[in-house]
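# Coordinate analysis (summary)
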Amino acid sequence: ALSTSAKMRRLSRREKLQEDVKRLDIFPKVEPEVQQRSSSGAMATMVSVTAILLLIVSEFAYYRTVDVVYEYSVDVDMARELNLTLDITVAMPCQHLGADYIDVAGKSSDAMQWFIPEDAHFDLAPNQVEWVQRVAALREEEGAHGLDSLQRFLHGGMRDPMPDADPPLPGTKTACRLHGTMPTNKVTANFHITAGRSIHHLRGHSHMAGTVPGEAVNFSHRIDHLSFSEERAGAHTLDGDVKISDSHHTMYQYFLKVVPTATQRLDQTRPFRSNQYSVMEQTRNVEPVFGASGMPGIFVKYELEPVAVSVKERRRSFAQFLISLCAIVGGIFATSGMLHQLLSGAVAPEKPSLEIPASPK
């Protein structure tokens with residue numbers, strides 16, 4: 001008997017504990033016999049389910065979308081060297097050309113030690129003309145929308161250099177092609193190609209322009225590539241630029257604003273560090289007859305901007321996607337339920353009150 005009573009007490013304590021736990025339920029159940037179903041409620045349910053499905057599809061498409069994030073910061077990496085990569089063809093023999101570099105830090109050097117001179121034709125073969133046209137189209141596309149060009153630069157493939165002439169061009173090669181990569185300081189500098197070799201000394205350098213016949217001077221040129229990076233990714237501002245002049249006294253000036261840039265795609269573990277630039281150009285006739293001063297040649301002056309740009313591809317995490325789905329489902333059901341109750345209460349006809357007749361005395 002004692003054992004039976006002890007079991008009964010344990011059962012009563014368990015039932016009491018279960019009742020205490022049930023009081024914590026914030027989702028009370030409604031008995032089916034007291035539930036009321038209506039056509040308006042069914043309509044609200046179908047609208048809610050349709051909205052949920054549409055938003056889920058939209059959310060999934062957004063989850064699969066890659067966002068491009070732009071970040072701006074002060075460039076503090078002043079010790080990193082720039083790599084001036086150049087591929088230019090000048091309508092003059094190589095023996096009459098000289099290339100020099102001088103910066104505000106006082107560094108002056110003969111750039112011909114970095115660039116390879118090759119005798120070339122200034123005219124192009126048909127396959128080379130097609131290459132120039134493709135590069136020009138790519139440059140126009142990537143540079144047509146400002147910062148959006150950096151977004152396309154993320155996927156700019158490695159561009160091949162200009163192919164050899166096919167078929168080979170006849171005649172003597174009277175032009176000079178300079179190509180290569182020159183390391184430079186990360187400061188304002190001036191790179192120029194002029195007539196005659198240069199002599200470097202403690203105070204800078206001097207040009208031996210007097211050794212070049214005047215009729216041989218012609219700085220018509222074609223820039224196949226100019227960038228501040230060792231890799232030929234995308235199309236840069238001056239790629240494919242062609243300048244033709246009939247004068248022997250033409251000075252071409254390019255003023256560049258260089259912006260340190262880092263781009264990183266989703267499939268890259270490390271950002272690709274490059275330097276984008278904008279350019280203003282000027283062409284002048286420096287013939288002494290017109291009273292102009294200057295030296296015929298091609299002058300490229302560039303300045304570094306203090307602001308660096310970082311462009312990265314990002315995709316939302318799966319956890320954020322799940323949280324958004326929960327918010328969509330819960331928010332629509334809660335909102336549709338409140339609206340349905342509000343509208344049902346507003347349009348429901350008022351039930352007539354039942355009057356209880358007075359009993360005769």
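Quick summary incoming for the structure in this document. Remember, it's a predicted structure, so these values are computed and weren't measured experimentally. (Residues numbered from 1 in each chain as written. Predicted model: local features only at pLDDT ≥ 70, side-chain atom pairs only at ≥ 80, totals over all residues. Heavy atoms only, no water.)

### Describing the overall build of the protein
In terms of helices and strands, the protein carries five helices and 15 strands. Across the 361 residues in the protein, those meeting the buried criterion constitute 35%. Of the contacts made within the protein by residues no fewer than 6 positions apart, 83% connect residues no fewer than 24 positions apart. Counting every atom, the protein has about 22,700 Å² of accessible surface; 59% of that belongs to carbon and sulfur. (Helix = DSSP H or I, 4+ residues; strand = E, 2+ residues; numbered from the N terminus. Buried < 20%, exposed > 50% of the residue type's maximum accessible area, 1.4 Å probe, protein only. Contact = heavy atoms within 4.5 Å. Areas by Shrake-Rupley, 256 points an atom, 1.4 Å probe, with all protein chains shown as cover.)

### Some words on the environment of T283
Residue position: T283 is located in strand β13 (residues 272-285). The exposure class assigned to T283 is partly exposed, which follows from its relative accessible area of 48%. As for T283 and Y254, which are separated by 29 residues in sequence, their C-alpha atoms are 8.9 Å apart. Beyond its immediate stretch of four places on either side in the chain, T283 contacts T250, M251 and Y252.

### Here we look at the state of the cysteines
In the structure shown here, the tally under the stated rule is one disulfide. Between the sulfur of C94 and that of C176 lies a disulfide, 2.1 Å long from S to S. Looking down the S-S bond of the C94 and C176 bridge, the torsion is 100°, so its handedness is right-handed. A residue pair is termed long-range when its members are at least 10 positions apart, and C94 in the loop between β2 (82-90) and β3 (97-103) and C176 in strand β6 (residues 175-184) qualify at 82 residues. Comparing C94 with C176, the two get one shared label, buried. (Disulfide = S-S within 2.5 Å.)

### Some thoughts on the environment of Q320
With respect to the secondary-structure elements, Q320 resides in helix α5 (residues 318-347). Judged by its relative accessible area of 41%, Q320 is partly exposed. Taking the C-alpha atoms as reference, Q320 lies 8.8 Å from Y63; in sequence the two are 257 residues apart. Separated by 3.2 Å, the side chain of Q320 and the backbone nitrogen of S317 make a polar contact. (Polar contact = N/O pair within 3.5 Å; in protein donor to acceptor, adjacent residues only side chain to side chain.)

### A closer look at the environment of E313
Among the structural elements, E313 can be located in strand β15 (residues 307-314). Note: C-alpha distance between E313 and R265 (48 residues apart in sequence) is 5.2 Å.

### A short note on the sheet that holds strand β5 (residues 115-120)
The strand order across the open sheet built from five strands is β5-β6-β2-β10-β11, with neighbouring strands paired in antiparallel fashion. Every other strand in the sheet has two partners, leaving β5 and β11 (241-243) as the edge strands with one partner each. The sheet shows a mean angle of 15° between the axes of neighbouring strands, direction not considered. The pairing of strand β10 (residues 221-227) with β11 spans three bridges and is classified as antiparallel. The partner of H221 across the bridge, within β11, is K243. (Pairing = 2+ DSSP bridges. Axes fitted to C-alpha atoms, helices over the stretch in contact; angles between N-to-C directions.)

### Considering the nonpolar core
In this structure, F191, I193, F219, L226, F228 and L256 are the most contacted members of the largest nonpolar core, which totals 35 residues. Listed by contribution, the elements that provide at least two residues to this core are β2, β3, β6, β7 (189-195), β10, β12 (250-264) and β14 (297-304). By residue number, the principal contributor to this core is β2, which donates five residues. Other than its neighbours up to four places away in sequence, F228 contacts L82, N83, L84, L256, V258, N275, Y277 and Y302. (Core = buried A, V, L, I, M, F, W, Y, C linked by side-chain atoms within 4.5 Å.)

### A few points about the pattern of salt bridges
Under the criterion given, the structure shown has nine salt bridges. A salt bridge links D75 to K186; the shortest N-O distance between them is 2.6 Å. Taken together, the residues span a long stretch of sequence, with D75 in the loop between β1 (67-74) and β2 and K186 in the loop between β6 and β7 at a distance of 111 residues. Note on accessibility: D75 and K186 belong to one class, buried. With a shortest N-O distance of 2.9 Å, D241 and K243 are connected by a salt bridge. Take D241 and K243: they sit in the same class, and that class is buried. (Salt bridge = Lys/Arg side-chain N within 4 Å of Asp/Glu carboxyl O.)

### A word on the pairing of β2
Among the nine residues of β2, nine are classified as buried, and the element is accordingly described as predominantly covered. Burial along β2 is two-sided: the face carrying L82, L84, L86, I88 and V90 and the face carrying N83, T85, D87 and T89 are both buried. Where β2 and β6 come together, nine bridges link them in antiparallel fashion. Paired with T89 across the strands is R177, a residue of β6. Summarising the sheet, β2 and β10 pair through six bridges and their orientation is antiparallel. Along β10, the bridge assignment pairs D87 with H225.

### A few points about a nonpolar patch on the surface
A contiguous nonpolar patch, built from V49, L53, V329 and F333 and spanning about 330 Å² of accessible area, is present on the exposed surface. If you list the elements that add at least two residues to the nonpolar patch, you get α2 (39-64) and α5. Examined against the element boundaries, V49 turns out to sit in helix α2. (Patch = residues over 30% accessible without salt bridge, like charges linked within 9 Å, V, L, I, M, F, W, Y side chains within 5 Å.)

### Here we look at the side chain of T184
Here T184 shows up in strand β6. Overall, T184 belongs to the buried group, its relative accessible area being 0%.

Function cannot be read off these values alone, since they describe shape.
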